[in-house]
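# Per-entry structural report
Each chain is listed here by its residues.
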Amino acid sequence: MSIPTPEALKVFLANDGMGMALPSDLIPSAVLLALFQRDNEYHLILTKRSPQLKRDGGVICFPGGTAEPNDVDLTFTALRETYEEIGVEPDDVNVLGRFEPVITRSQFAIQPIVGVIPYPYPYQPSQAEVEAIIEVPLESLYDPVNIRFEDVFRPEGLIHKITYAYRGQIIFGATAQLLTRFLELISEGMEKEVPWQNRTLN
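What you are looking at is a predicted structure, and each value in this text was computed from that prediction instead of being measured.

With that settled, the discussion passes to the overall build of the protein chain. Helix and strand counts for the protein chain come out as three helices and eleven strands. Helices and strands appear in the protein chain in the N-to-C order α-β-β-β-β-α-β-β-β-β-β-β-β-α. Against the 2.2 N^0.38 benchmark of 17 Å for 202 residues, the protein chain shows a C-alpha radius of gyration of 16 Å, consistent with a compact globule. For the protein chain, the C-alpha atoms occupy an extent of roughly 40 × 40 × 35 Å along the three principal directions. Surface summary for the protein chain: the accessible area is close to 10,600 Å², and the carbon and sulfur share equals 49%. Here the protein chain contributes 16 positively and 28 negatively charged side chains, and the mean placements of these two sets differ by 6 Å.

This part takes up the packing of aromatic side chains. Evaluated as defined, the whole model comprises four aromatic pairs. Ring plane angle 40° and centroid distance 5.8 Å describe the contact between tyrosine 121 and tyrosine 123, whose orientation is recorded as tilted. With relative accessibility at 13%, the residue tyrosine 121 sits in the buried group.

What follows concerns the sheet that holds strand S11 (residues 169–171). Across the sheet, three strands lie side by side as S9-S10-S11; this open sheet has antiparallel pairing. Strand pairing shows two members of the sheet lacking a second neighbour, strand S9 (147–154) and S11, which therefore form its edges. Averaged over all neighbouring strand pairs, the angle between strand axes comes to 35°, with direction disregarded. Where S9 and strand S10 (residues 157–166) come together, eight bridges link them in antiparallel fashion. Pairing of arginine 148 across the sheet is with threonine 163, part of S10.

Basis of the calculations
- Every residue gets a number counted from 1 within its own chain, in the order that chain's sequence is written.
- Thresholds applied to this predicted model are a pLDDT of at least 70 for local features of residues and 80 or more for the giving and counting of side-chain atom pairs; totals over whole chains, interfaces and linings are not thresholded and use all residues.
- Here the side-chain values reflect all heavy atoms present in the structure, with hydrogen atoms and water set aside.
- Strands are runs of DSSP state E lasting at least 2 residues, helices are runs of H or I lasting at least 4, and numbering of each runs from the N terminus.
- A radius of gyration in this sense is built from C-alpha atoms; the matching globule rule multiplies 2.2 Å by the number of residues raised to 0.38.
- Method for areas: the Shrake-Rupley scheme with a 1.4 Å probe, in which residue coverage is limited to the protein chains shown.
- When charges are counted, Lys and Arg are positive and Asp and Glu negative, with His and the chain ends excluded.
- We put the charge of a Lys on NZ, of an Arg on CZ, of an Asp on CG and of a Glu on CD.
- Between 30 and 60 degrees the pair is tilted, below 30 it is stacked and above 60 it is edge-to-face, where a pair is any two Phe, Tyr or Trp rings, Trp via its six-membered ring, whose centres lie within 6.5 Å.
- For every residue, the accessible area (1.4 Å probe, protein chains only) is compared with the maximum for its type, and the residue is labelled buried under 20%, exposed over 50%, or partly exposed between those bounds.
- When DSSP finds at least two bridges between two strands, those strands are taken to pair.
- To get an axis, fit a line to the C-alpha atoms, keeping to the stretch in contact for a helix; angles then go from 0 to 180 degrees between the N-to-C directions.

What follows is the structure in structure tokens.
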């Protein structure tokens, strides 16, 4: 798949959640889907949370967190948390847009913010929060070899989920949901199929 320009990505995101308000009864939070270009390919930045953290220790996720009272909006939240976790300066992020939030079972509403950063970048990960920074080639996430389809029984019925594998790491849960929708948006914009095109997902 040839990669879209940042300008094209901005167009793909323009009609997907830019004006969407988060439900007022949920906990507002935001993450940054930070991209960079290397060897004519996009890479996506994820982090492996420190195993010492009480919440989701050792989990692969996007940098981000819960909104604080002084945050002007959720884009600010995503950029602030990304700086605190991996040292990416907010001014170094070219924010392209956002898409619809994911609502978690723990009552968090996670707003994804998409942006591009320079490469290479001098990350400064927080030792207290981040065990590792993972740079994932976006194309590898479209590879069926790295995709797992899972059926989960919940009180509301059978739920179909996607998880991703990359170099022995598993991306699951809300992060996988956000990633799946982001990959769909790129594919829709470029009129390409995704590997789960003919599957019904929840």
